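A look at the structure
What follows is each chain in one-letter form.
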Amino acid sequence: MNVSHEWLGAFVPHGLPAERVRDLITAHVATVEGFERTRAELAPFVVGQVVASERIPDTRLSFNKVDDGTGTLLEVVCGAPNVTVGAKYPFARTGTTMPAGFVIEKKKIRGFTSNGMLCSARELGLGDDHDGIYALDTEAPVGTPLLSVLPLADTRLVLDVLPNRPDLLSHLGVARELAALTGTTVRLPEELPAAAAVTPVRGAASASAGGVRVTLADSADCGRYCAVIIRGLKVGPSPDWLRRRVESVGGRSINNVVDATNYLLHGFGQPVHAFDLATLGGGAIGVRRAAAGESLTTLDGAARTLDASVLVIADASVPVALAGLMGGKATEVTECTTDVLLEVATFAPRVVRGGRRKLGMSTDASYRYERGIDDAAVESNARIAAALIVAVAGGEVAAMASVGTDPAARASVAVAATKVSRLLGDAVGPEESAALLRAIGFATTVDGDRVTATPPSWRHDVARDVDLVEDIARLRGFDRLPDALTAARLGTVPDHPLYTLGVRVRNALVADGLLEVRPLPYRAGAERPLVRVRNPLGEDEPFLRDSILDTLARRAEHNLARMQGNVRIFEIGTAFLPGDGASVKEAIHVGALVMGARRPPHFTESEPPAFDAWDAKALAERMVHAAWPASRVELKPAEAPALWSALVDGTARGVVTPVALDAPVWASAAFGVELTLGKMPARPPAARGAHEYERTGGADRSTTPARYVPLPTTPAAEFDLALVVPDAVSAAAVEKTLRGVSGEMLESLLLFDEYRGDKVPAGTRSLAWRLTFRHPERTLRDKEIEGRRAQLLKTLEKELNVRARTT
Amino acid sequence: MADSLTLDEFLARVAAFSAEARPAIAAADSADALEGVRAKYLGRNHGWLKDLSAALGQLPKEARGAAGKAFNDARTDVEGALETRQASLAPSSAGVALADPTMPARHAWRGAVHPVSQVIDEVVAIFRELGFTVALGPEAESPWYNFGSLNFPADHPAMDLHDTLYISDDVVLRTHTSPVQVRTLQSYPPPIRVLIPGNVHRRDPFDPSHAPTFAQIEGLVVDEGISFADLKATLTHFANRFFGSTKTRFRPSYFPFTEPSAEMDVLCGVCKGSGCGVCKQSGWVEILGSGLVHPAVLESAGVDSERYSGWAFGMGPARTALARHGIPDIRLLYDSDVRFLDQFAR
Ligand SMILES: [Zn+2]
């Protein structure tokens, strides 16, 4: 909402500079998010007076002496025919930049020096008048800035008006608030003529006036429709003051009739539409739903097909306007128009919104109707509009019909002052509350602690006591409330387990050198079922991802396209799977993708090794241990293309897999890990409380403390086993046997070598383990170790056909 | 094992060590290969040398002097051979590098928490000091949780502020984290003190300051006697902790689920209030929206709105991240370019 500081002053004599108005409105009403000085380019111009003037022979020029208040008379050459000695004019000193962009310089003309310029209205950008220089009718002394003499300087305040306060979509509405904040009262601007003194013909559903019959099909769609007949007007340019008003809010002057309707829109928040009366057929106008198949070409030239969801204004036979949205082309006011029918009405927000969405158009009028205008002011606004049009376009008000029902009386709302104080955290008495509400138009009564308030007709957002609390709080000022922290009780909600788990996983991956990403979760289609967005942002990626690795793969390609081949990224985010029917199954996943150098380049190696499958396997184990510290993890070989399936306490949680990319030849292979961390929404864990502390000792159950194992006091015994292992036998199978046979005294088992080649039989490989044994209380004897070794070899041979390597 | 080794046996092992290690060193043709040889013979954990020194302990006491000397000689000899080989192998190998200690260190990759997550972490850390915990909720939400329970009037312009992505008539992508307010109030009795971080989705195309999916972090307090003064005190404390000593101001605003509603600004960090391009000459920068929880929201969740009151706030960490790092375009937060992410490494 654009508000002109000057126009606002016409509604309320606040007497405040624009900055102060901005700060007051922002602090108490609505945020002023724009603050633009208009006519700022005229700031350097001053009032100058011509004290002597003579013609320059054989030219249309005059040579003048101008007093600009500096104490030195300036010699100025002027081409205007109307220079009058003693008169005051806008004066541009040398160095002044003209609105057209050029700079006034000292120059010689016909042998005369000119030190400045006397200006016409056109040169100042104030109109088209170029008959001569602009004579100022002012008592102001010479040298006074022009902007303090002419009512031109203005400041535009751009208000962010939110949906609950449509009453602020007018200068009158903002003026009401400003009046309350400054202890003044609103008034009708002096520039407006007295409201038209016509007696309306009234009716609930229809009325005839001036030869036009007005009917409302449904009072639920239209609360009141005023039709004013004005005859004998002349469409033409607006007077300057009206043009300035329209331009002050960013509009463009069209003609006197249209500008007057815009004055009502921006001044009073009342949409007004003027029909050319001669174009309305059958001496009738009505408000009704469109019939299926009807159409209308609107003012913007668009042909629109209508149906019963759209409310229209119709003459005896066809629609002539979209109610609350836009007029029709055929009934538009033109230069030839002499008689108009002025529509001043209120339409139901819901039907205007429906029509707006159906037709995909929005106008200043629909914006206000959708949010709700002041229903009770329609008739008085109609009189103001009629009088204004007659004042600027001539003619006379012939008749007025006012059809509709009065809005229901506003229900009052009561609030206890003790509740106001309790909710605000500051003592606010009943009288103070009532006074604040009265200042913005509420009718109030105070009964002890209880304040009863009836909202004014322009407010549609007051239904319960807290709505009054809001008005009291903002008018009184949030800045007055105390802001000292006070003690609070502990909450009952424990941390969501997926949050703490996610943070642990994230910290582990960051510690491992990975970069966290937060990309968009949308993707293109796939062979498998995915969750589709019904109204996606783009048809290229209308689906929600079911895998984070897929998103990471696209991000890796983005990096490759920018010649970045070393990618190590991860995300903890949401994956979406189609559920039963239209439902969606949601889970928090972690995904990581690595490719390229495993570490930054360093002079000690020609090229760092590249990430490989073993790194990805390690990442998976790292994630699992971070997520579920006490769990048992097993990475089980998986079906191609996946490498491993991650089993956590026996449950499959995710995969380690090569990642296929659309990659250039120089790119390394990419490997990925994805784990499901948990379903969402998860069943909420029990509330915090004494019982919970009893059960868990107050600690986070997911991080069971590690048990201390006494440090060894006895020597370890260790030996290596170099084995020849048939290709069909996995290392894990050998390890299982090694552990099983070794028993409790086996302290550690380390696979330290793999060899394939001609030193072992075809179809086998050599694997070497180092086994470390320790007895907690005594030194192990050689014999014991030897026996263990023999038994291991025997069992390995028997169970797995694995033998000691001899070559 | 004790006393099972004779001096002769030990000396034979030492000889074997030298005899095997020296040719292996000579044969190593790369820094990597040489490192393998070093590990095998001189390695601290499993090298041959370690085995020898263990065996030294098993010798009879009177034999240890001679054995020790032989051991040390062999070690010096092999180590010397190794160093010589190292020097001849690669001018870039570690031994040479130490001659110029100004050469750069060998680093691992450094990881980074995403700048948006960093803001969330900091917000969470500050509110944790005040006893807040973290609640989460789903992103695919029912329209009731997303709108109805939060006092959005049906078919009202307030809905236009949340251009919604629909999965079906019954499932939307949540447009804000506020549905988790109602879910939390349904699951837990007051007092409630939670933070709710999470991604939200709107049908807003990308531009330099808007994204279709973005993070929000929201706070909710519900208990008996909670007031706007509590809101103001807590959020002002937060602002001072988060931005360093600053000033706040509260402006009236509108959210369907709070009443009264207010937006909180902090003094512009660039101009300190005098007005500049960053704050659009206002001297203030908008940080978060807030308000007292609307009683209709408490009632949606089955909480007695006469007995309990509450306050809530919500902020967009991306905006803070852009401002604090001087990132000109929000899309950089989504592109996942490693050169961008590396700048936030820790
Ligand atoms: Zn600033």
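Residues numbered from 1 in each chain as written. Chains lettered and ligands numbered in written order. Predicted model: local features only at pLDDT ≥ 70, side-chain atom pairs only at ≥ 80, totals over all residues. Heavy atoms only, no water.

**Focus on helix α5 (residues 256-268) of chain A**
Residues and elements named next belong to chain A.
- The first and last C-alpha atoms of α5 sit 17 Å apart over 13 residues, in line with the 18 Å expected at 1.5 Å per residue.
- Most of α5 sits inside the fold, with 11 of its 13 residues counted as buried.
- What α5 keeps buried is the set Asn256, Val257, Asp259, Ala260, Thr261, Tyr263, Leu264, Leu265, His266, Gly267 and Phe268.
- Looking at the buried positions of α5, the neighbouring elements they touch are α1 (5-11), α3 (171-182), α4 (240-248), β15 (272-276), α7 (364-371) and α8 (378-393).
- Following α5 by one or two positions, Gly269 has its phi on the positive side, about 75 degrees. (Helix = DSSP H or I, 4+ residues; strand = E, 2+ residues; numbered from the N terminus. Expected span 1.5 Å × (residues − 1). Buried < 20%, exposed > 50% of the residue type's maximum accessible area, 1.4 Å probe, protein only. Contact = heavy atoms within 4.5 Å.)

**Points about the sheet that holds strand β2 (residues 31-38) of chain A**
All names here are of chain A.
- Overall, antiparallel pairing links the three strands, which are arranged β1-β10-β2 in an open sheet. Across the chains shown, the open sheet's two edge strands, defined by having one partner strand only, are β1 (2-4) and β2. Neighbour-to-neighbour, the strand axes of the sheet open up by a mean angle of 25 degrees, direction not taken into account.
- Alignment of β1 against strand β10 (residues 154-160), held across three bridges, turns out to be antiparallel. Each bridged residue has a counterpart across the sheet, and for Val3 the counterpart in β10 is Leu157. (Pairing = 2+ DSSP bridges. Axes fitted to C-alpha atoms, helices over the stretch in contact; angles between N-to-C directions.)

**Let's talk about the domain arrangement of chain B**
- Under the domain assignment used here, chain B contains domain 1 (7-89) and domain 2 (115-344).
- Each of domain 1 of chain B and domain 2 of chain B has a C-alpha centre, and the two are 67 Å apart. (Domains from an automatic or database assignment.)

**What to know about the pairing of strand β36 (residues 670-680) of chain A**
Residues and elements named next belong to chain A.
- Within β36, nine of the 11 residues are buried, leaving the element largely enclosed by the surrounding structure.
- Inspection of the sheet shows strand β32 (residues 584-595) paired to β36 by 10 bridges, in the antiparallel sense. What sits directly across from Ala587, in β36, is Lys679.
- Pairing of strand β35 (residues 651-659) with β36, which is carried by six bridges, proceeds in the antiparallel orientation. Looking at β36, one finds that Val659 is bridged to Ala670.

**Brief notes about the interface of chain A and chain B**
- In this assembly, 105 residues from chain A lie in contact with 110 residues from chain B.
- By the criterion of area lost to chain B, the three top residues of chain A are Phe478, Arg518 and Phe603 of chain A, representing 9% of everything that side buries.
- Along the contact surface separating chain A from chain B lie seven salt bridges.
- For Asp223 of chain B, the salt bridge identified is with Arg489 of chain A, shortest N-O distance 2.7 Å.
- Joining chain A to chain B, the criterion identifies 46 residue pairs in polar contact (both at pLDDT 80 or more).
- Ranked by residues supplied to the side of chain A that touches chain B, first place goes to helix α11 (residues 465-476) of chain A with seven residues.
- In the side of chain A that touches chain B, the residues fall into 52 nonpolar, 18 polar and 35 charged. (Buried area = accessible area lost by both parts, 1.4 Å probe. Salt bridge = Lys/Arg side-chain N within 4 Å of Asp/Glu carboxyl O. Polar contact = N/O pair within 3.5 Å; in protein donor to acceptor, adjacent residues only side chain to side chain. Nonpolar A, V, L, I, M, F, W, Y, C, P; charged D, E, K, R; others polar.)

**A few points about the confidence of the model for chain B**
Residue and element names in this part refer to chain B.
- Per-residue confidence for chain B averages 89 on the pLDDT scale, and 95% of its residues sit at or above 70.
- In the predicted structure, residues 92-97 sits below a pLDDT of 50 and forms seven contacts with residues beyond four places in sequence or in another chain.
- What the predictor reports for the complex is a pTM of 0.83 with an ipTM of 0.86. (pLDDT = per-residue confidence, 0-100.)

**Here's the deal with the nonpolar core**
- If you look at the biggest cluster of nonpolar residues, it comprises 119 residues, and the most contacted ones within it are Leu593 of chain A together with Trp311 of chain B.
- Sort the elements by how many residues they give to this core and helix α14 (residues 613-627) of chain A lands first, with eight residues.
- With residues near it in sequence (within four places) discarded, Leu593 of chain A still touches Leu549, Leu552, Ala553, Ala556, Val567, Arg568, Ile569, Val659, Ala670, Phe671 and Gly672 of chain A.
- Counting 86 residues, the second-largest nonpolar core is a separate cluster that includes Leu172, Tyr225, Tyr263 and Leu277 of chain A. (Core = buried A, V, L, I, M, F, W, Y, C linked by side-chain atoms within 4.5 Å.)

**Focus on the packing of α4 of chain A against α5 of chain A**
Residues and elements named next belong to chain A.
- α5 packs onto α4 with a crossing angle of 55 degrees between their chain directions and a minimal axis gap of 10 Å. As judged from the angle between their axes, α4 and α5 are oblique. Crossing handedness for the pair α4 and α5: left-handed. Each of Trp241, Leu242, Arg245 and Val246 in α4 lies in contact with α5, whose residues at this interface are Asn256, Asp259, Ala260 and Tyr263.
- In the contact of α4 with α5, the residues fall into five nonpolar, one polar and two charged. (Parallel < 35°, antiparallel > 145°, perpendicular 65-115°, else oblique. Left-handed = near helix turned anticlockwise from the far one by under 90°.)

**Quick notes on the coordination of the zinc ion**
All names here are of chain B.
- Every protein donor of the zinc ion is accounted for by Cys268 (SG), Cys271 (SG), Cys276 (SG) and Cys279 (SG), and the metal-donor separations fall at 2.2 to 2.3 Å.
- Around the zinc ion, the four donor atoms are arranged such that angles at the metal cover 105 to 115 degrees; this shape is classified as tetrahedral.
- Donor residues for the zinc ion sit on one chain with the sequence pattern C-x2-C-x4-C-x2-C. One exposure class covers both Cys276 and Cys279, and it is buried. (Donors = N, O, S within 2.8 Å, 3.2 Å for Na, K, Ca; no water. Tetrahedral: all angles 85-135°; square planar, octahedral: opposite > 155°, others 65-115°.)

**Notes on helix α11 (residues 317-325) of chain B**
Residue and element names in this part refer to chain B.
- For α11, the set of buried residues is Pro317, Ala318, Thr320, Ala321 and Leu322.
- Buried positions along α11 lie against α6 (115-128), β6 (213-224), α9 (228-243), β10 (308-315) and α12 (332-335).
- Positive phi appears at Gly326, one or two residues downstream of α11, with a value of about 70 degrees.

**What to know about unusual backbone geometry**
- The peptide bond linking Met680 of chain A to Pro681 of chain A adopts the cis configuration, its omega dihedral lying at 0 degrees.
- Topologically, Pro681 of chain A is positioned in the loop between β36 and α15 (690-696).
- Along the chain, Pro190 of chain B connects to Pro191 of chain B via a cis peptide bond; the corresponding omega equals 0 degrees.
- The residue Pro191 of chain B is located in the loop between α8 (179-187) and β5 (192-201) in this model.
- With a phi angle near 60 degrees, Asn801 of chain A is a residue other than glycine that sits in the positive phi range.
- Along the chain, Asn801 of chain A turns up in the loop between α17 (782-800) and β40 (803-804).

**Looking at the domain arrangement of chain A**
- When its domains are assigned, chain A resolves into domain 1 (2-39 + 154-182), domain 2 (41-148), domain 3 (201-404), domain 4 (414-479), domain 5 (497-700) and domain 6 (717-804).
- Distance from the C-alpha centre of domain 1 of chain A to the C-alpha centre of domain 2 of chain A: 36 Å.

**Regarding the packing of aromatic side chains**
- Using the criterion set out here, one finds 24 aromatic pairs over all chains in the structure.
- With 4.8 Å between their ring centres and 40 degrees between their planes, Phe63 of chain A and Phe112 of chain A make a pair best called tilted. Here the residue Phe63 of chain A occupies a position in strand β4 (residues 62-67), and Phe112 of chain A occupies one in strand β8 (residues 112-114), the gap between them amounting to 49 residues.
- Arranged with centres 5.7 Å apart and planes meeting at 15 degrees, the rings of Phe719 of chain A and Phe773 of chain A form a pair that is stacked. Here Phe719 of chain A, found in strand β37 (residues 717-726), pairs with Phe773 of chain A, found in strand β39 (residues 764-773); they are 54 residues apart in sequence, far enough to count as distant. The same class applies to Phe719 of chain A as to Phe773 of chain A, namely buried.
- Every member of this aromatic cluster is reached through a ring pair, and the members are Phe127, Phe132, Phe238, Phe242, Phe243, Trp311 and Phe313 of chain B.
- Sitting above the plane of the Phe35 of chain A ring, Arg22 of chain A keeps its charged end 4.6 Å from the centroid.
- The ring of Trp458 of chain A has Arg176 of chain A lying over it, and the distance from NZ or CZ to the ring centre is 3.4 Å. (Phe/Tyr/Trp six-rings, centres within 6.5 Å; stacked < 30°, edge-to-face > 60°. Lys NZ or Arg CZ within 6 Å of the ring centre and 35° of its normal.)

**Notes on the environment of Ala638 of chain A**
Residues and elements named next belong to chain A.
- Here Ala638 shows up in the loop between β33 (633-637) and β34 (644-648).
- The exposure class of Ala638 is partly exposed, given its relative accessible area of 30%.
- Discounting residues that sit within four places of it in the chain, Ala638 has contacts with Leu643, Trp644 and Ser645.

**Some words on the side chain of Thr133 of chain B**
- Positionally, Thr133 of chain B belongs in strand β1 (residues 133-134).
- For Thr133 of chain B, the contacting residues outside a window of four places in its chain are Val493, Pro494, Asp495 and Arg688 of chain A together with Arg128, Arg193, Val194 and Leu195 of chain B.

**Let's talk about the pairing of β5 of chain B**
Residue and element names in this part refer to chain B.
- Within β5, 10 of the 10 residues are buried, leaving the element largely enclosed by the surrounding structure.
- Of the two faces of β5, both are covered, the one formed by Ile192, Val194, Ile196, Gly198 and Val200 as well as the one formed by Arg193, Leu195, Pro197, Asn199 and His201.
- As defined by bridge partners, β1 adjoins β5 across two bridges and the pair is classed as parallel. Among the inter-strand pairings, Thr133 is bridged to a residue of β5, identified as Val194.
- With 10 bridges connecting them, β5 and β6 associate as antiparallel partners. Looking across to β6, one finds that Asn199 is bridged to Ala215.

**Focus on the pattern of salt bridges**
- What the rule picks out here adds up to 66 salt bridges over all chains.
- Note that Arg22 of chain B is salt-bridged to Asp77 of chain B, the shortest N-O span being 2.4 Å. One end of the pair, Arg22 of chain B, is in helix α1 (residues 7-27); the other, Asp77 of chain B, is in helix α4 (residues 64-89), and 55 residues separate them in sequence.
- Connected via shared salt-bridge partners are Arg165, Asp167, Glu177, Arg459, Asp461, Asp471 and Arg474 of chain A.

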